[in-house]
Amino acid sequence: MDVWTGLPWWVRYPIALLLIGLGSAPYFLGPDWAKLRCDSLYLCGMVLLLIGPSEGQKKGYRF
């Protein structure tokens, strides 16, 4: 996770939003596509979207 939190926001947000979009797309494409069950992609995208640098990392401290 250190690699993910070390990335700039303009790299982290599009990747997380892409995973959320890929995870939720089958539910919008119809009942045949909804059987794919891409809940894990959606959950992974949400977790990555919420994980960011800690307060110490924002201030420039290295642990």
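It should be noted that the structure appears before, not after, this text.
Residues numbered from 1 in each chain as written. Predicted model: local features only at pLDDT ≥ 70, side-chain atom pairs only at ≥ 80, totals over all residues. Heavy atoms only, no water.

Chemist: An account of the overall build of the chain is requested, with residue identities and associated values reported.
Modeler: Broken down by element type, the chain carries four helices and zero strands. Helices and strands in the chain line up, N terminus first, as α-α-α-α. Expressed as a percentage of contacts within the chain between residues at least 6 apart in sequence, the contacts between residues at least 24 apart total 49%. Carbon and sulfur atoms provide 69% of the accessible area of the chain, an area that totals close to 5000 Å². (Helix = DSSP H or I, 4+ residues; strand = E, 2+ residues; numbered from the N terminus. Contact = heavy atoms within 4.5 Å. Areas by Shrake-Rupley, 256 points an atom, 1.4 Å probe, with all protein chains shown as cover.)

Chemist: Kindly report on the packing of helix α2 (residues 9-28) against helix α3 (residues 39-50), identifying the contributing residues and their values.
Modeler: Between α2 and α3, the shortest axis-to-axis distance is 7 Å and the interhelical angle comes to 155 degrees. With respect to each other, α2 and α3 are oriented roughly antiparallel. Here α2 and α3 pass one another in a crossing that is left-handed. Contacts between α2 and α3 pair Tyr13, Ala16, Leu17, Leu19, Ile20, Leu22, Gly23, Ser24 and Tyr27 from the former with Asp39, Leu41, Tyr42, Cys44, Gly45, Met46, Leu48 and Leu49 from the latter. Considering only residue class, the contact of α2 with α3 consists of 13 nonpolar, three polar and one charged. (Axes fitted to C-alpha atoms, helices over the stretch in contact; angles between N-to-C directions. Parallel < 35°, antiparallel > 145°, perpendicular 65-115°, else oblique. Left-handed = near helix turned anticlockwise from the far one by under 90°. Nonpolar A, V, L, I, M, F, W, Y, C, P; charged D, E, K, R; others polar.)

Chemist: Give me the lowdown on α2, citing residues and values where you can.
Modeler: Taking 1.5 Å per residue as the helical rise, α2 with its 20 residues ought to reach 28 Å, and the 28 Å between its terminal C-alpha atoms agrees with that figure. Residue leucine 22 marks the point of greatest curvature in α2, where the axis turns by about 25 degrees; the proline proline 26 follows within four residues. When we look at burial in α2, the residues that qualify are Arg12, Ala16, Leu19, Ile20, Gly23, Ser24 and Pro26. Close packing links the buried residues of α2 with α1 (2-6) and α3. (Expected span 1.5 Å × (residues − 1). Bend = angle between axes of the 7 residues up to and from the residue. Buried < 20%, exposed > 50% of the residue type's maximum accessible area, 1.4 Å probe, protein only.)

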